[in-house]
There are 2 protein chains.
Amino acid sequence: MGTVGKAISLLELFSVDEPELGLSDLARRSGFDKATTRRLLVALTSHGFVEQDAGTRHYRLGAGLSRLARIREARFPFLQTAVPLVRDLAASTAETVHLSEFGVDRLVTVHVEHPARANRVNVDIGQLLPLHSTASGIAYLAFARDETVKACLAGSLDAFTAHTLIEPAAISRSMGEARERGYSICDQGYEEGVISVAAAIRAADGFALGTIAVAAPKARTTAAAIAERGLAVMEAAREISMRLNGENLQTLRRQA
Amino acid sequence: MGTVGKAISLLELFSVDEPELGLSDLARRSGFDKATTRRLLVALTSHGFVEQDAGTRHYRLGAGLSRLARIREARFPFLQTAVPLVRDLAASTAETVHLSEFGVDRLVTVHVEHPARANRVNVDIGQLLPLHSTASGIAYLAFARDETVKACLAGSLDAFTAHTLIEPAAISRSMGEARERGYSICDQGYEEGVISVAAAIRAADGFALGTIAVAAPKARTTAAAIAERGLAVMEAAREISMRLNGENLQTLRRQA
DNA sequence: AATAATGGTTCAAATAATGAACCAACCACC
DNA sequence: GGTGGTTGGTTCATTATTTGAACCATTATT
């Protein structure tokens, strides 16, 4: 791995659960030498990607990242556009709704709304979702570029639960169903006891760029609820896509 | 400059005005060799910090940045907290209101509300503000750590207009006034014909972490309007600080 | 058809990154 | 008030990575 990759992988150690980490901790988790880790942190700090707490000397993500993210968001107002619809959907379903955007080879969770009840599915902002074993992933793949689908199915596919589909043929079938139906269903493919539905948010060219999903404890979820949520999530995704692309969303090339 | 610094300085070439850049362009502007530039871009792309348009082959900021920025925001909800108050202030003043956060040695503009009129001060998201020559900068310095103030005054201070204060003593005086008054005033210190007021948003320890400012064309701004806006911006900053720190904002050590 | 852009690649030479060993300071625990 | 185990931080000879001139393939422009 090159030096910039190492620097970035340091940044990736921070999470919602652990937003502040010390030098030794970072060195341990990254596997880099303490001196290396520190040199990288200094470089990142000097550009505002990392900040150091004056008191504890621990490190945290810096304002430079917010800046760049805002510049990106100004050009491509994904969050701004989608968040209100995520809220609406969360209110009407009373279950966890999460929004994700594609990045490299996974989906990046960029927004979450949790219902005000104790028994719920918990998703963290920044959480990374695999493509083959989540409702969001299948919804994304259903409208992704062939190269992306191929790259996904070619890699080694982890089985997170006993229900995870890992045969390319089974995943392809699942994608096909999602494409026809307009939304995907994933029954405990990523975590035991969780059932989700998701739909793809699409760019002007018709290809998926992210997803919106509703996740709920399977124990209290009926088949009728799934169908209802599926329609709702599909409608929300359609509306977000429309708003993003100014009404002129092309019909997708790749139809079922 | 180390390799990670170079990689980051590539990212910094993107802006709201130019959110997409080609390889040659990036190489030219950064001053790096084309091969180097590309290697850096590949590294950044493979971690989702940069995306490449499939059609134009141009590069843009990637979803990985949004992810990290959201993780940061989850821990420290500066934007979430402040934006509503920025909106209120923009509505009541009918002038440009911008919010900034300290980073490295400057203020980073993280949110802007523009009034719906043609003649207005324009501020872009991501814009970097110098500390010594803007209302925000002076407001920040007035409640910054001594080290920060010292580092600022020690550096070479650019004169952006004929009105820019560049003598450390004059800047210190300006800071003192801002501290007493509760808000800063900057009369064309950064751009000719623009007058701004700003107040510091403070962390739990009493030190500034950002600012909120109102900027207007000087031609239509009376002394009374300045005073009125000063109070409003001060109140907004106080409210944001309160909400961020859960009511227990410590009185600042360094008083006038 | 020639010209000058563009994005992208190669490999010996130059440079920057590495890490074991080293401080100093802090904390917990007899 | 030692003692051992932390922590953050630094040094410098060794080592591995980055560098860039020259290269190719495409795609406009003239």
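Position numbers for residues count from 1 along each chain, tracking the sequence in the order it is written. Each chain gets a letter, beginning with A, and each ligand a number, beginning with 1, in the order they are written. Whole-chain, interface and lining totals are the exception, using all residues; otherwise, since this is a predicted model, local features are given only for residues with pLDDT of at least 70 and side-chain atom pairs are given and counted only at 80 or more. Neither water nor hydrogens contribute to the side-chain values; these are computed over all heavy atoms in the structure.

Asks: Before we move on, could you go through the interface of chain A and chain B and cite the residues and values that matter?
Replies: Opposite the 47 residues of chain A that make contact, chain B presents 47 residues. Taken over both partners, the interface formed by chain A and chain B buries close to 4300 Å², and the fraction arising from carbon and sulfur atoms is 70%. Accessible area, probed at 1.4 Å, shrinks when two parts are joined; the buried area is that loss added up over both. Of all residues in chain A, the largest losses of buried area upon contact with chain B belong to Arg 67, Arg 70 and Arg 72 of chain A, amounting jointly to 17% of the total for that side. Salt-bridge detection follows one rule: a side-chain nitrogen of Lys or Arg within 4 Å of a carboxyl oxygen of Asp or Glu. Linking chain A with chain B are six salt bridges. Linking Glu 51 of chain A and Arg 72 of chain B is a salt bridge whose minimum nitrogen-to-oxygen distance equals 3.3 Å. By the criterion applied in these results, polar contacts are pairs of N or O atoms within 3.5 Å in which, for protein atoms, one can donate a hydrogen and the other can accept it, and in which residues neighboring in sequence qualify only through two side-chain atoms. Taken together, the connections running from chain A to chain B amount to 14 residue pairs in polar contact (both at pLDDT 80 or more). Secondary structure is summarised from DSSP: a helix means a run of H or I of at least four residues, a strand means a run of E of at least two, and numbering begins at the N terminus for each. Elements with a contribution of two residues or more to the side of chain A that touches chain B: helix H1 (3–11), helix H3 (34–46), strand S3 (59–61), helix H4 (63–75), strand S4 (96–103) and strand S5 (106–113) of chain A. Per-element accounting of the side of chain A that touches chain B gives the leading share, eleven residues, to H4 of chain A. Amino acids are sorted into nonpolar (Ala, Val, Leu, Ile, Met, Phe, Trp, Tyr, Cys and Pro), charged (Asp, Glu, Lys and Arg) and polar (every other residue, Gly among them). Residues belonging to the side of chain A that touches chain B are distributed by class as follows: 26 nonpolar, eleven polar and ten charged. Any two residues whose heavy atoms approach within 4.5 Å at even a single point are treated as in contact.

Asks: Report on the sheet that holds strand S6 (residues 128–129) of chain A, specifying residues and quantitative values.
Replies: All names here are of chain A. In short, DSSP must find at least two bridges between two strands for them to pair. What the six strands build is an open sheet, ordered S6-S5-S4-S9-S8-S7; its pairing is antiparallel. Each end of this open sheet is capped by a strand with a single partner; those strands are S6 and strand S7 (184–187). Of the strand pairs in this sheet, S4 and S5 are connected by seven bridges, and their pairing is antiparallel. Note on S5: the bridge partner recorded for His 98 is Val 112.

Asks: A description of the domain arrangement of chain A should follow, citing residues and the corresponding values.
Replies: Marked domain ranges trace back to an automatic or database domain assignment. Domain annotation for chain A reports domain 1 (3–67) and domain 2 (76–245). Taking only C-alpha atoms into account, the centre of domain 1 of chain A sits 31 Å from that of domain 2 of chain A.

Asks: I'd like to hear about the environment of Arg 243 of chain B, residue by residue, with values.
Replies: Residues and elements named next belong to chain B. Along the chain, Arg 243 turns up in helix H9 (residues 223–245). The class of Arg 243 is partly exposed, set by a relative accessible area of 45%. A C-alpha to C-alpha distance of 9.6 Å links Arg 243 and Phe 78, two positions 165 residues apart in sequence. Here Glu 239 takes part through its side chain, which lies 2.9 Å from a polar atom of the side chain of Arg 243. Burial classes: relative accessible area under 20% of the type maximum marks a residue as buried, over 50% as exposed, and values in between as partly exposed (1.4 Å probe, protein chains only).

Asks: Please set out helix H7 (residues 146–154) of chain A residue by residue, giving values where relevant.
Replies: All names here are of chain A. Taken as a whole, H7 has its buried residues at Thr 148, Val 149, Cys 152 and Leu 153. Taken around the axis of H7, the buried residues stretch over an arc of 125°, which confines them to a single face. Of the exposed residues in H7, those oriented more than 90 degrees away from the buried face are Asp 146, Glu 147, Lys 150, Ala 151 and Ala 154. It is the directions from the helix axis to the C-beta atoms whose arc is reported.

Asks: Now, about the protein's contact with DNA strand C: what can you tell me, with residues and values included?
Replies: Distances are taken per atom, and a residue is near a molecule or strand as soon as one of its heavy atoms is within 4 Å of it. Around DNA strand C, 18 residues are found, and the nearest of them are Lys 6 and Arg 39 of chain A together with Ser 24, Lys 34 and Arg 38 of chain B. Contacts to DNA strand C include Arg 28 of chain B, whose side-chain N or O atom sits 2.7 Å from a phosphate oxygen. When contributions to the surface near DNA strand C are tallied by element, the ones reaching two or more residues are H1 and H3 of chain A together with helix H2 (23–30) and helix H3 (34–46) of chain B. The residue inventory of the surface near DNA strand C, partitioned by class, reads four nonpolar, seven polar and seven charged.

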